[in-house]
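An overview of the molecular structure
Okay, here's what each chain looks like letter by letter:
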Amino acid sequence: MNDQPRKGPRHATPDEDFPTRVRAYWDRARDSVGENRSVAGVSAAAALVLIIAVTWAVVSAGGSGDEGTEEAGADVDPTSAAPEPSVSVSVSPSPSPSPVYVPAEDGDGGGGGGGGGDESEPEGGGGGDASVPSEVFDLGNWKVTLPVGDDGDPTEIVQPELDGYSHEDYFTVADSGDAIRFRTPVNGVTTENSSYPRSELREMEPGGGDEIEWDASSGEHAMTLRAAFTHLPEEKSEVVAAQIHGGDDDVTALRLEGSELWITDGDETNFHLVTDDYELGTVFEFSYAVSDGEIAVYYDGELETTLEHDGSGYFKAGAYTQANCENSSPCSEDNYGEVVVYDLAVSHS
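Summarised in this report is the structure supplied together with it. (Residues numbered from 1 in each chain as written. Predicted model: local features only at pLDDT ≥ 70, side-chain atom pairs only at ≥ 80, totals over all residues. Heavy atoms only, no water.)

1. Side note on the overall build of the protein
When helices and strands are tallied, the protein shows 2 helices and 16 strands. Classification of the 349 residues of the protein by burial places 42% in the buried group. Long-range contacts, defined as pairs at least 24 residues apart, comprise 67% of the intrachain contacts of the protein with a sequence gap of at least 6. For the protein, the accessible area works out to roughly 18800 Å², and carbon and sulfur atoms hold 47% of it. (Helix = DSSP H or I, 4+ residues; strand = E, 2+ residues; numbered from the N terminus. Buried < 20%, exposed > 50% of the residue type's maximum accessible area, 1.4 Å probe, protein only. Contact = heavy atoms within 4.5 Å. Areas by Shrake-Rupley, 256 points an atom, 1.4 Å probe, with all protein chains shown as cover.)

So this is what it looks like as structure tokens:
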């Protein structure tokens, strides 16, 4: 039977696939009965092949199943329980509080540490249409001292004249229409007991008729203002925006020196540093709270320091320039300190 195809080995190897093994059994069975055997013989041989093939397949399947498990993952225990799904909880952080002040975007004017320069426009106001300072906030309990008049006797405007009053250079509404601009040149007129000029409000009795002076050890007294330093004089670049004064004594003040913002204590001008990188035009909120012989000082809602004072006092706010023609040049109205005040309120109880 030279035309028969080449027969496979008598025993198929474990690596042969199932169809190959079946064909091998069929070839052997066909050889055993011959090509000229009866159909019955061929059928019997086929049945024999089928039985053997099924038996082989069952045995092989059992073995290959174990091998498949080992190949898929030898370290996996099929009897172990499926792992429980993990739960991940993500907690979003609390939002940061919004800042009280907004730094000016284009403020130069020496805000980074020097003095002078162009005026730095603050960005903290909401805009307004006030035409005179008394339309910005209530001035009923104040008078203003201006850097004009006679030496040792500067001009003072009291109520009721203060309502409706404005000075185009030193006490006027800021361009934003919602703040009072206080400007004080180094060559301005000074009061009798100071060598520095001022454009500054001084607290008065209700109605503005007489000067007030309260007792720090009795009752509660508070002042809050929202303001911004907007210009510093050349060389001696220092301006006071708010203070408590008592009799002839300095009690405490908020003082800007270049880019350093200080709270003073009496004659100690550098008592407590609020910040060393103040930028001109930065709007801030500042408060004094006085009771039981103590002064609590707040900046943007945060307690900065507490001072002891059991004497008399009164509040002041504006631009008290800490420079004059002897220590700052040029000696002209173009060399000045400036503060804008958006809101100012006092209370006593």
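2. Topic: the sheet that holds strand β14 (residues 302-308)
Judged by pairing direction, the sheet is antiparallel, and its 7 strands sit side by side in the order β3-β4-β16-β7-β12-β13-β14 without closing on themselves. The sheet is open, and its two edges are formed by β3 (171-173) and β14, each paired on a single side. For this sheet, the mean angle separating the axes of adjacent strands, direction not counted, is 25 degrees. (Pairing = 2+ DSSP bridges. Axes fitted to C-alpha atoms, helices over the stretch in contact; angles between N-to-C directions.)

3. Focus: the side chain of Asn324
Its place among the elements puts Asn324 in the loop between β15 (312-321) and β16 (336-348). Looking at Asn324, its side chain comes within polar contact range of the main-chain oxygen of Ser195, at 3.1 Å. A distance of 3.0 Å separates a polar side-chain atom of Asn324 from the backbone nitrogen of Glu326. If we skip the residues at most four places from it in the chain, Asn324 touches Val186, Ser195 and Tyr196. (Polar contact = N/O pair within 3.5 Å; in protein donor to acceptor, adjacent residues only side chain to side chain.)

4. What to know about the pattern of salt bridges
What the rule picks out here adds up to 10 salt bridges. With a closest N to O distance of 3.0 Å, Lys143 and Glu156 form a salt bridge. Separated by 13 residues along the polypeptide, Lys143 in strand β1 (residues 142-150) and Glu156 in strand β2 (residues 153-157) bring together distant segments of the chain. Look at Lys143 and you get buried, because its relative accessible area is 6%. (Salt bridge = Lys/Arg side-chain N within 4 Å of Asp/Glu carboxyl O.)

5. Focus on unusual backbone geometry
Backbone geometry follows two general trends: most residues other than glycine have a negative phi, and most peptide bonds adopt the trans configuration. The peptide bond linking Gln159 to Pro160 adopts the cis configuration, its omega dihedral lying at 5 degrees. Mapped onto the fold, Pro160 is located in the loop between β2 and β3. A cis amide bond links Ser329 with the next residue in sequence, Pro330, at an omega value of 10 degrees. For Pro330, the location among the structural elements is in the loop between β15 and β16. The phi torsion at Glu235 lies on the positive side, around 65 degrees, for a residue other than glycine. Within the secondary structure, Glu235 sits in the loop between β7 (220-231) and β8 (238-246). Even without being a glycine, Asp300 presents a positive backbone phi close to 50 degrees. Locating Asp300 in the fold gives a position in the loop between β13 (294-299) and β14. Residue classification places Asp300 among the buried residues on the basis of a relative accessible area of 14%.

6. Some thoughts on the state of the cysteines
For the coordinates displayed, the defined rule picks out 1 disulfide. Paired through a disulfide, Cys325 and Cys331 show a sulfur-sulfur distance of 1.8 Å. The chirality of the disulfide connecting Cys325 with Cys331 is right-handed, given an S-S dihedral of about 75 degrees. Overall, Cys325 belongs to the partly exposed group, its relative accessible area being 33%. Cys331 gets classed as partly exposed once you look at its relative accessible area, which sits at 46%. (Disulfide = S-S within 2.5 Å.)

7. Remarks on the environment of Asp276
Here Asp276 lies in the loop between β11 (268-275) and β12 (284-291). Note on Asp276: relative accessible area 48%, which makes it partly exposed.

8. Here's the deal with a negative patch on the surface
Where like charges cluster on the molecular surface, the negative patch consists of Asp215, Glu220, Asp292, Glu294, Glu308 and Asp310. With respect to the helices, strands and loops of the structure, Glu220 is situated in strand β7. (Patch = residues over 30% accessible without salt bridge, like charges linked within 9 Å, V, L, I, M, F, W, Y side chains within 5 Å. Lys, Arg positive; Asp, Glu negative; His and termini not counted. Charge placed at Lys NZ, Arg CZ, Asp CG, Glu CD.)

9. Examining the side chain of Ser328
Summarising the element assignment, Ser328 is placed in the loop between β15 and β16. Ser328 sits in the buried class, given a relative accessible area of 2%. Here Asn335 takes part through its side chain, which lies 2.8 Å from a polar atom of the side chain of Ser328. Residues in contact with Ser328, not counting those within four places in the same chain, are Val186, Pro233, Glu234, Glu235, Ala323 and Asn335.

10. So, the pairing of β14
As paired elements, β13 and β14 share 6 bridges and run antiparallel to each other. Bridging from a neighbouring strand, Tyr299 pairs with Glu302 of β14. Counting the residues in the hairpin turn of β13 and β14 gives 2 residues, including Asp300, whose phi is positive at 50 degrees.

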